Amino acid sequence: MKRLLILTAVAAAALTNAACVTVIDATSDYGWSGENARPFKGARDSCRASAGRDEGTTAFLQCMADKGWTRTRD
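Rules behind the numbers
- Residues numbered from 1 in each chain as written.
- Predicted model: local features only at pLDDT ≥ 70, side-chain atom pairs only at ≥ 80, totals over all residues.
- Heavy atoms only, no water.
- Salt bridge = Lys/Arg side-chain N within 4 Å of Asp/Glu carboxyl O.
- Buried < 20%, exposed > 50% of the residue type's maximum accessible area, 1.4 Å probe, protein only.
- Helix = DSSP H or I, 4+ residues; strand = E, 2+ residues; numbered from the N terminus.
- Arc of directions from axis to C-beta.
- Contact = heavy atoms within 4.5 Å.

**Regarding the pattern of salt bridges**
Okay, step 1: Scanning all chains against the criterion turns up three salt bridges.
Okay, step 2: Measuring nitrogen to oxygen at the nearest pair gives 2.6 Å for the salt bridge that ties Arg48 to Glu55. By the burial criterion, Arg48 is buried, and Glu55 matches it.
Okay, step 3: Salt bridges linked by common partners bring Arg48, Glu55 and Arg71 together as one network.

**Observations concerning helix α3 (residues 58–66)**
At 3.6 residues per turn, the α-helix brings residues three or four places apart onto the same side.
Okay, step 1: Buried within α3 we find Phe60, Cys63 and Met64. Down the axis of α3, the buried set is contained in an arc of 95°. They therefore lie on one face. In α3, those exposed residues whose orientation departs by more than 90 degrees from the buried face are Thr58 and Asp66.
Okay, step 2: For α3, the secondary structure elements touched by its buried residues are β2 (31–35), α2 (40–51) and β3 (69–71).

Any functional reading would require information that these geometric values do not contain.
What follows is the structure, encoded as structure tokens:
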């Protein structure tokens with residue numbers, strides 16, 4: 001029973017941490033935060049293709065927001 005309780009606590013902690021993720025992109029000075037977001041690299045590549053490679057544009061930021069990602073700092 002004790003093992004089950006420990007396993008349940010570990011699983012709950014893992015699920016809690018999985019709900020919110022932060023990505024620091026090595027090629028950028030900006031961090032991104034996403035909750036229930038699409039995978040970061042796929043979202044970024046898709047938005048670069050549709051909004052251009054300049055990640056500072058409103059179109060790019062809106063595209064990323066539509067995929068569940070927001071900038072953590074500017």
